[in-house]
Amino acid sequence: MTRISLHVNGTAVERDVEPRTSLADFLRESCALTATHLGCEHGACGACTVLVDGMIARSCLKFAVMCEGREVVTLEGLADDALSDTIKQAFHESHALQCGFCTPGMLMAARDLLSRNPIPSEDQVRAALAGHICRCTGYSGIVHAIILASRRLIPVE
Amino acid sequence: MSGDAHSSGGWIGASLLRKEDARHLAGKAMFVADVRLPGLQDIAFVRSQIAHGRIVSMAKPAGAESRVFTIADFPSLHVLEAGPELDAFRQSPYPALASDKVRYVGQAMAACVAPTRALAEDLAELVQVDCSELPAVVDAIAAMSPGSARLFESWADNAYITRTISAGDLSRLKDAPIRLRRKFRMNRQATVSLETRGVVAHWDARLEELVVYLSTQGGHVMRLGLARALGLPENQIRVIAPDVGGGFGGKNRLLPEEIAVCAIALKVGHPVRWIEDRREHLLASVHCRDHHYDLIVSADSEGHLLGIEGDVHIDAGAYALWPTGSFMEASMAAGNLPGPYRIKALSVNTFTVATNKAPMGPYRGVARPGACFAIERLVDEVALHMGIEPYELRKRNLVTREEMPYNTVAGLKLDTGDYHDALDTAAAMVDIPAVRRRQAERKPGEPRIGVGFAVYTEQSGHGVVEWSKRKSRVVPGYESANVRMLPDGSVTIHVGVQNHGQGHETTLAQIAAHELSLDPSQIRIRYGDTATTPFGFGSFASRSIVFAGGAVGTTTRRLAEKIRLIGAHFLQADPKDVRIENGHVISQSGSVAFSEIALAANIRQEMLPQGMDPLLDMTGTYEPTESAGVFSYGTHAVVVEVDEATGGVKILDYAVSEDCGTMINPMIVDGQVQGGISQGIGTGLYEEIPFNAEGQPLATTFADYMMPCATEIPTVRIAHSVTPAKVTEYGVKGVGEGGAIAPPAALANAVADAFRDCKASFNETPLTPRRVWDAVQIARAGAAS
Amino acid sequence: MKPSPFDYARPASLDLALATMAEHADSASLIAGGQSLVPLLNLRMAPSELIVDISRLLELREIRDLGDRVFLGAGLTHAMFEDGVAPDPGNGLMRKTAENIAYRAIRCHGTIGGSVAMADPAADWPAVLLALGAVAILRSEGAERRVTMNDLLVGTYETSLHQGEIIVGFEIAKLPPTARTSYIKFNKKVGAFATSLAVAVHGETTRVVIAGAGSRARILRKTSEALATGADAIACIGGDLDEIMSEPDAYLRQLHVTTITRAIGEVLGA
Ligand SMILES: Cc1cc2nc3c(=O)[nH]c(=O)nc-3n(C[C@H](O)[C@H](O)[C@H](O)COP(=O)(O)OP(=O)(O)OC[C@H]3O[C@@H](n4cnc5c(N)ncnc54)[C@H](O)[C@@H]3O)c2cc1C
Ligand code: FES
Ligand code: FES
């Protein structure tokens, strides 16, 4: 076991972990933050996407010990985030989720895209969603939602 | 009495935003892997590394004997009989953990329990397994040759069942002016719900019951299977399906791991959990498709299709899954070969074959994607042979509106709709002449363009008649609903179907809102817990809106009637002079709120009309007035660009014209269509689990198993027409599967269209770049020689 | 899908990391972005007793302008190239490459050095660095050596790195503004490894590289020469591929010919 301390959703957290514990398992099992989902555990589905020091990361591809001192944000940590609120509302209105299992990762990817590129083209939205698997929706609602959110954030006259 | 879809309230047909979204968007959903119980430990399975072998020995690691389980630890577990109830269907006993033999790579052999999954996997690595390898059976057709190794020694050959389906006048076919023989193959894939399977189980000592959190499409039926396997009475098992992250058929069978986890929970005295990982999912969850067709289509000189003859092999894998196995694949594949066409003769030998691969189960569209692929490709091949537009050939053969109801040669009753209109609409959407112009203007070196069509029907809402005909062990002939109005006038409805993305919390509330003239926000739909919901079969086979929608509608209607009677009593009016509106019973002189009525019915019995029973609490079952099913249908039209040099296929336009009867919530219908098509495109272009000659699967992670993403799946343009069904409530038909049925056929036809000049055939899915390129080379080589 | 147990160390400096690697020569693995290593660990396909984390070493993130060349630290992430945070001596080639590797979340953490050390036969950076004529700077305890990309790449997941050696970075000559580059990747879906990747750099020096065709990225010798001298480069592709491709595979061969031809077409401005 190794003792680590880091910030999770703004709160200082100190825990003993096995070095082999992924950040995802750490969040889910040690921090009881289950919005972060595991769909593949090899970096290919995006369901486990979180922010580490402001950059999106697949939490199945990081060990918790590697995140010592870092700032980790999960979907639970975006409850009062205006950008996320706009995106979530757009997801709701665009029927961008069915079973909801991919949704946390999709929201993370969407937020990351819009914070880097506030007015993405449809192609850019799709490219940002590559590697995020949704088995249910066929993606069109998700793509629509992100474009809708973008318009609401930066209205074009 | 049938509800009139257009009378009042406006809730039926409204694109109401979904009630289930909020918790998912907040990250507060609860899937099985999110269930937390004190003392929970994880399970990892030891799995077979070989495709076929006899188990010589299995040794538990020293010191860990009490944490490692083999089948020998469960002498009283029952092996369930599975497959249709037909003597001709051979039994393939499938133990919860392998007993004497292993029959596919990935079969569970032992289970290891430890405080974390990582530790359980450590333990699993230490279990010593010794198997003597047997020859692997990997090709479903070769498996039927007399010399083939056999999976089950007691069987005479490797077929679970062999059947010939023969109907109509076959004598005319031999001399038909056009006779084309083609082979088709739809390869094996996985269902790939994004949430994998999962079980959390524990013994509740207070209630003396086994509580099983299960990611399933139908908890009640799973409880029945678990009870039989474990030898427990059903009233001592509670199955809870919390949020379920997709199923698509794969979670509609009881798999051995699920039984094993429950058996372990009964032994160890603390909660246990198994969450399938993605490799396990691709190795050993439900596999699907894997159809082989060898068919001859006959047509007269005007292109009227006369008949289909040939063989269909279904590579069903090593075991039949409880309850029904994959027997339906063969009969449905054969039965759907005539499609929506006026084909008058059918003679198909079907073979459901056991191979050393993971067992096959249902996947969205069950058998029909394969059948649709075969018939729709055949239609295009006949058109190519005749030198006419495939669109034109379809027009000549599609059943017309006037001919409905039409009994197909395979015995399906196509009830309502306008297939020609669907085809015309889709054709107009993609603009065939424009595609032809672009093709003519193409310069050498530029990518090729092709347009393809596929027409499909989707049998939905089929009940007793159809499932008994199929000799199903479980006959999902009805659904149930319990509707309760609580003292304050709010409504809770419990149903036996299982929402796993379909939006039942919203659509069923819309139906109840329609009947009660109440806002859907005051109605809560609950499901997924055998302790609280009435018996139901679950969500599959495009049945929920027909059956559960019907059950909710008819039961709520009865409740509304009682409310009306009480209201009339309150208002001292004649019951026929009052109506319900907006949470009130209204007469000419006054109105009374549901809340007052509900209060009386629940806690102020003395206020009720004389002799009336208390409570506003009704349970009802529903089945459509005819149970052969109602057919949704549509046409998919796709325009593709093919890079001849790489074989790469890009979708330029995808248009659908469909009719699923009355739409309760058009937004959700569109979501089902788009989502189904996405899966169909996966089947058509990307997803495949190939096997090598030793029976080793070659796609066990997403590095090799290609899942299409937003960069691969276009937004589909959807046109609806609405022909209400005659035998269901509100005129609804199912819509869950249709999207997944037609895409492989439409895509292959589009690619073939792009290569019309060299008459290349694209008869195997997925159409990977390599397959596309190979098909063109073969055609060119053929033309040259 | 959880890894076997291992110990973890995060040395505070490159020297300490080298010392740790020297001490645990055959039982330790370096981890940089972890974007290739962790999937293997999760699948228990690359067991390791000690994981040495070099992801925070600033020495590996250095960027130095050396006049006609640039030094790029091995720890620079794909996203840094994509975002233009790291310079691109390849006139846009490196940026384009980075954009086409995997997905954004992976690009934010995966490193150029990790990609080269991993030596996946279809990976992007080895091919591009080979085409740019990069020289890798390798350090071990008390020693440093410079190795050309051609000598560094050996085979499938195999490099000439010594045990315990760390790639510190790459020296890459700045392409003159007139030089032209091309990057043609064919993969089964966006973000997946290439089935065929052709890279061409055409300037004072000319190199055409193919990845996905053999056990490692390779320069197409005759093709490159022909392109450099204005001869018929396309005609040389087949011969070069015959030397590179281990197994005859008509489809792949044709695919490689296609990507290479297109890459050549692009640098010739067709
Ligand atoms: C889903 C997915 C898709 C991908 N698609 C692509 C793709 O299309 N193209 C592509 O090129 N890559 C792709 N990758 C791989 C990705 O680019 C990785 O980031 C990269 O290959 C490895 O970099 P890393 O820093 O993450 O290395 P790590 O995973 O940390 O390490 C990889 C290996 O390199 C060693 N190593 C790391 N750094 C050094 C160093 N400085 N010196 C010596 N040895 C070192 C490690 O010990 C390990 O053996 C993909 C990965 C995933 C998960
Ligand atoms: S679980 Fe991390 S990418 Fe799939
Ligand atoms: S909504 Fe089910 S996976 Fe995306």
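None of these values were measured; they are calculated from a predicted model. (Residues numbered from 1 in each chain as written. Chains lettered and ligands numbered in written order. Predicted model: local features only at pLDDT ≥ 70, side-chain atom pairs only at ≥ 80, totals over all residues. Heavy atoms only, no water.)

Participant: Just to check I follow, could you spell out the domain arrangement of chain C for this structure?
Facilitator: In many analyses, interface size is given as the accessible surface area lost on bringing the parts together. Residue and element names in this part refer to chain C. Segmentation of chain C into domains returns domain 1 (7–53), domain 2 (58–173) and domain 3 (180–267). Of note, the centres of domain 2 and domain 3, computed from C-alpha atoms alone, are 20 Å apart. Contacts between the two partners involve 25 residues from domain 2 and, on the opposite side, 24 residues from domain 3. Summed over both partners, the interface of domain 2 with domain 3 comes to about 2000 Å²; 58% of that surface belongs to carbon and sulfur atoms. Counting across the interface, domain 2 meets domain 3 through one salt bridge. In this structure, the connection of domain 2 to domain 3 is made through eight residue pairs in polar contact (both at pLDDT 80 or more). Among the secondary structure elements, those contributing two or more residues to the side of domain 2 that touches domain 3 are helix 4 (93–99), helix 7 (124–131) and strand 8 (153–155). The leading source of residues in the side of domain 2 that touches domain 3 is helix 7, at six residues. (Domains from an automatic or database assignment. Contact = heavy atoms within 4.5 Å. Buried area = accessible area lost by both parts, 1.4 Å probe. Salt bridge = Lys/Arg side-chain N within 4 Å of Asp/Glu carboxyl O. Polar contact = N/O pair within 3.5 Å; in protein donor to acceptor, adjacent residues only side chain to side chain. Helix = DSSP H or I, 4+ residues; strand = E, 2+ residues; numbered from the N terminus.)

Participant: Can you help me understand the interface of chain B and chain C in this one?
Facilitator: Listed by partner, the interface residues are 23 residues for chain B and 19 residues for chain C. Both faces considered, chain B and chain C share a buried interface measuring about 1900 Å² in area, 59% of it formed by carbon and sulfur atoms. When the buried surface of chain B facing chain C is broken down by residue, T646, R770 and W773 of chain B rank first, second and third, together holding 26% of it. The interface formed by chain B and chain C includes five salt bridges. Of the charged contacts in the structure, one is a salt bridge between E121 of chain B and R44 of chain C, with a shortest N-O distance of 3.5 Å. One can count twelve residue pairs in polar contact (both at pLDDT 80 or more) joining chain B with chain C. For the side of chain B that touches chain C, the element with the most residues is helix 2 (residues 117–126) of chain B, which contributes five residues. Its residues placed into classes, the side of chain B that touches chain C shows eight nonpolar, four polar and eleven charged. (Nonpolar A, V, L, I, M, F, W, Y, C, P; charged D, E, K, R; others polar.)

Participant: In this structure, what is going on with the sheet that holds strand 11 (residues 180–187) of chain C? I would like to understand it.
Facilitator: As a general point, the strands of a sheet are linked pairwise by backbone hydrogen bonds and lie either parallel or antiparallel. All names here are of chain C. Pairing is antiparallel in the open sheet, where four strands are placed in the order 11-12-13-14. Bordering the open sheet on either side are strand 11 and strand 14 (218–219), each of which pairs with just one other strand. Contacting strand 11, strand 12 (194–202) and strand 13 (206–211), helix 11 (residues 250–267) runs over the sheet at an angle of about 155° to strand 11. (Pairing = 2+ DSSP bridges. Axes fitted to C-alpha atoms, helices over the stretch in contact; angles between N-to-C directions.)

Participant: Any chance you could explain the interface of chain B and chain A here in plain terms?
Facilitator: Across the boundary between the two partners, chain B contributes 52 residues, which contact 42 residues of chain A. Both faces considered, chain B and chain A share a buried interface measuring about 3700 Å² in area, 58% of it formed by carbon and sulfur atoms. Together, L25, L194 and A710 of chain B form the three largest contributors to the area buried by chain B at its contact with chain A, with a combined 20%. If you look at where chain B meets chain A, you find five salt bridges. Between R36 of chain B and E29 of chain A there is a salt bridge, and its shortest N-O distance comes to 3.5 Å. Connecting chain B to chain A are 24 residue pairs in polar contact (both at pLDDT 80 or more). Contributions of two or more residues to the side of chain B that touches chain A are made by helix 1 (21–25), helix 2, strand 8 (178–190) and helix 15 (666–686) of chain B. Among the elements that line the side of chain B that touches chain A, the one with the most residues is helix 15 of chain B, at eight residues.

Participant: How should the pattern of salt bridges be read in this particular structure?
Facilitator: Charged atoms that come close allow side chains of opposite charge to pair. Residue and element names in this part refer to chain B. Summed over all chains, the structure comprises 89 salt bridges over all chains. Across the pair R117 and E280 runs a salt bridge whose closest N-O atoms are separated by 3.0 Å. Taken together, the residues span a long stretch of sequence, with R117 in helix 2 and E280 in helix 5 (residues 278–284) at a distance of 163 residues. The exposure class of E280 is buried, given its relative accessible area of 6%. (Buried < 20%, exposed > 50% of the residue type's maximum accessible area, 1.4 Å probe, protein only.)

Participant: Teacher, can you tell me more about the site of ligand 1 here?
Facilitator: For ligand 1, the set of nearby residues contains 33 residues, the closest of which are L30, G34, Q35, T111 and D124 of chain C. Per-site note: the chains with residues close to ligand 1 are chains A and C. A distance of 2.6 Å is found between an oxygen atom of ligand 1 and a side-chain nitrogen or oxygen belonging to T111 of chain C. At 3.4 Å from an oxygen atom of ligand 1 is found a main-chain nitrogen or oxygen belonging to G114 of chain C. Here ligand 1 loses 92% of its free accessible area of 960 Å² to cover by the protein chains. (Near = heavy atom within 4 Å. Areas by Shrake-Rupley, 256 points an atom, 1.4 Å probe, with all protein chains shown as cover.)

Participant: For this particular structure, what's the right way to read a nonpolar patch on the surface?
Facilitator: All names here are of chain A. Together, I119, L153 and I154 give the surface a local cluster of nonpolar side chains, amounting to about 230 Å² of exposed area. Considering the arrangement of structural elements, one finds I119 in the loop between helix 3 (103–116) and helix 4 (122–129). The class for I119 is partly exposed, based on a relative accessible area of 49%. (Patch = residues over 30% accessible without salt bridge, like charges linked within 9 Å, V, L, I, M, F, W, Y side chains within 5 Å.)

Participant: Would you mind going over the packing of aromatic side chains with me for this structure?
Facilitator: Geometrically, a pair of aromatic rings is defined through the distance of the ring centres and the angle of the planes. All names here are of chain B. Taken as a whole, this structure holds 19 aromatic pairs over all chains when the rule is applied. On the basis of an interplanar angle of 45° and a centroid distance of 6.4 Å, the ring pair of Y391 and F453 is categorised as tilted. With a gap of 62 residues between them, Y391 in helix 8 (residues 390–397) and F453 in strand 18 (residues 448–460) connect regions that are remote in the sequence. Each of the two residues, Y391 as well as F453, counts as buried. Ring centres 5.8 Å apart and planes at 40° place the aromatic pair F755 and F762 in the tilted group. Of the two residues examined, F755 and F762, each falls in the buried class. Site record: aromatic cluster; members linked through ring pairs are F89, Y94, Y104, F152, W155, Y160 and Y319. Over the aromatic face of F691 sits the side chain of K357, whose NZ or CZ is 5.1 Å from the ring centroid. One cation-aromatic arrangement involves R543 over F547; the distance from NZ or CZ to the ring centre is 4.6 Å. (Phe/Tyr/Trp six-rings, centres within 6.5 Å; stacked < 30°, edge-to-face > 60°. Lys NZ or Arg CZ within 6 Å of the ring centre and 35° of its normal.)

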